[in-house]
Amino acid sequence: MIARLILLLLLLLAAPVTSAMAASPFPSAGSGGERPSAAAAPTEPPGLVSRYLLQLRQVQASLHRQLAGAAGDVAATGSSAAMLALIGIGFLYGIFHAAGPGHGKVVITSYLLANVAQVRRGILLAATASAAQAVTAVALVGVLVLALGMAQFQTVHSVWYLEMASYLLLLLVGLALLRNLWRGGHSHDHGHCGHACGHAHHHHHAPPAAARDDRRGFLAMVAAVGLRPCSGAVILLLFSVAQGVFLAGVAGTIAMAVGTAITVSVLAILSVGARDLALRMAGSGAGLARVHTVLAASGALAIALFGAAMLAAGLTGGPQPF
């Protein structure tokens with residue numbers, strides 16, 4: 001039963017990774033960034049996951065058009081009703097955008113599976129990473145377009161560099177988690193100091209090494225996710241600049257971040273719950289240690305492989321328009 005549960009968790013990790021890879025903004029070699037024609041579409045009916053992703057993209061496209069219209073209304077009327085509509089649509093866009101393929105929730109859920117974390121910490125990670133994405137988008141457009149006067153297409157292309165940095169950092173975080181897991185396993189082989197040793201060092205002001213590593217891992221995850229701004233937020237901000245209502249675009253971006261944080265928090269709660277269930281079912285002793293090791297290794301490996309795959313895809317395709 002425990003083996004089946006672990007297999008299910010691994011499949012849950014693999015599914016978002018493969019779907020996010022399929023939805024990568026980088027086209028395959030020779031595609032030229034064009035979408036396949038209708039004639040090339042498969043004739044058999046799509047599966048459940050494909051139908052879900054298709055409907056989700058349709059909802060996102062509709063909300064994106066409404067965002068552009070709401071930003072235009074704010075520019076034309078300056079009314080509070082138009083501003084509230086922009087914020088509301090941005091909030092909904094964030095919720096639905098986070099429900100589709102994307103590297104933020106993939107790496108956050110993988111990280112929570114790879115580390116012993118409480119629900120509260122998972123929600124904090126989701127909220128902080130979503131806020132970091134919004135800050136990156138606002139800073140990118142604010143600095144490059146408003147401060148430096150860079151053209152919009154140049155700003156869009158500059159997102160590629162942030163994406164590559166984000167994927168590289170993900171790869172490094174995954175490798176660091178695997179290294180820590182390997183070192184931890186070897187340290188157990190050499191035994192531990194007794195209760196007296198732990199008690200003697202309990203009152204030191206310096207945080208334990210494990211606590212420092214956990215804090216560094218948390219901040220690294222926030223940086224890795226937050227470095228890559230939401231493409232919808234960047235487009236909204238660029239459109240808002242063109243309409244002369246940049247602050248309205250900032251408000252819509254903040255609303256997007258709140259919606260994204262809610263969706264990713266739900267996924268974080270499910271991830272922590274699944275991990276806790278697997279550990280409870282493992283009991284204690286050697287069985288618990290094996291399940292803990294499998295979950296930690298699978299989560300860290302998923303982060304490293306995802307970062308490596310997306311980095312390779314991005315370097316191969318080069319900067320592409322949204």
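Please read all numbers here as calculations on a predicted model, not as lab measurements.

> Can you break down helix α10 (residues 246–282) residue by residue, with the values?
When the terminal C-alpha atoms of α10 are compared, their 53 Å separation across 37 residues agrees well with the 54 Å that a helix rising 1.5 Å per residue should span. Trailing α10 by a residue or two, Gly-283 shows a phi angle of about 80 degrees, which is positive.

> Can you explain helix α11 (residues 286–317)? Please cite residues and give values.
In this model α11 runs 46 Å from its N-terminal to its C-terminal C-alpha over 32 residues, within 8% of the 46 Å that 1.5 Å per residue would give. At the C-terminal side of α11, Gly-318 shows a positive phi close to 75 degrees.

> A description of the confidence of the model for the chain should follow, citing residues and the corresponding values.
Looking at the chain as a whole, the pLDDT averages 77, with 74% of positions reaching at least 70. Here residues 10–43 scores under 50 on pLDDT; set against residues more than four positions off or in separate chains, the count is 32 contacts. Scored below 50 in pLDDT, residues 190–207 shows three contacts in the model against residues more than four places distant or in partner chains.

> Which residues make up the pattern of salt bridges, and what values do they have?
According to the stated counting rule, one finds one salt bridge in the structure shown. Put simply, Glu-163 and Arg-228 hold a salt bridge, and the shortest N to O gap is 3.3 Å. Taken together, the residues Glu-163 in helix α6 (residues 152–189) and Arg-228 in the loop between α8 (209–226) and α9 (231–243) connect sequence positions 65 residues apart. Of the two residues, Glu-163 and Arg-228, neither departs from the other in class, the shared state being buried.

> I'd like a rundown of a nonpolar patch on the surface, residues and numbers included.
On the surface, Ile-254, Val-258, Ile-262, Val-266 and Leu-270 cluster together into a nonpolar patch covering about 440 Å² of accessible area. Locating Ile-262 in the fold gives a position in helix α10.

> So what's going on with the side chain of Ser-265? Which residues, and what values?
Mapped onto the secondary structure, Ser-265 falls in helix α10. With relative accessibility at 10%, the residue Ser-265 sits in the buried group. In this view, Ser-265 contacts Ile-123 and Ala-126; residues no more than four positions away in its chain are not counted.

> Before we move on, can you summarise the nonpolar core with the specific residues and values?
Val-107, Ile-108, Tyr-111, Leu-112, Leu-125, Leu-170 and Met-221 are the most contacted members of the largest nonpolar core, which totals 30 residues. If you list the elements that add at least two residues to this core, you get α4 (103–114), α5 (119–147), α6, α8, α10 and α11. Non-local contacts of Ile-108, meaning those with residues more than four positions away in its chain, are made with Leu-125, Ala-126, Ala-129, Met-221, Val-225 and Val-264. Judged by nonpolar contacts, the second largest core, of 28 residues, contains Leu-63, Ala-71, Ala-137 and Leu-144.

Conventions used here
Residues numbered from 1 in each chain as written. Predicted model: local features only at pLDDT ≥ 70, side-chain atom pairs only at ≥ 80, totals over all residues. Heavy atoms only, no water. Helix = DSSP H or I, 4+ residues; strand = E, 2+ residues; numbered from the N terminus. Expected span 1.5 Å × (residues − 1). pLDDT = per-residue confidence, 0-100. Contact = heavy atoms within 4.5 Å. Salt bridge = Lys/Arg side-chain N within 4 Å of Asp/Glu carboxyl O. Buried < 20%, exposed > 50% of the residue type's maximum accessible area, 1.4 Å probe, protein only. Patch = residues over 30% accessible without salt bridge, like charges linked within 9 Å, V, L, I, M, F, W, Y side chains within 5 Å. Areas by Shrake-Rupley, 256 points an atom, 1.4 Å probe, with all protein chains shown as cover. Core = buried A, V, L, I, M, F, W, Y, C linked by side-chain atoms within 4.5 Å.

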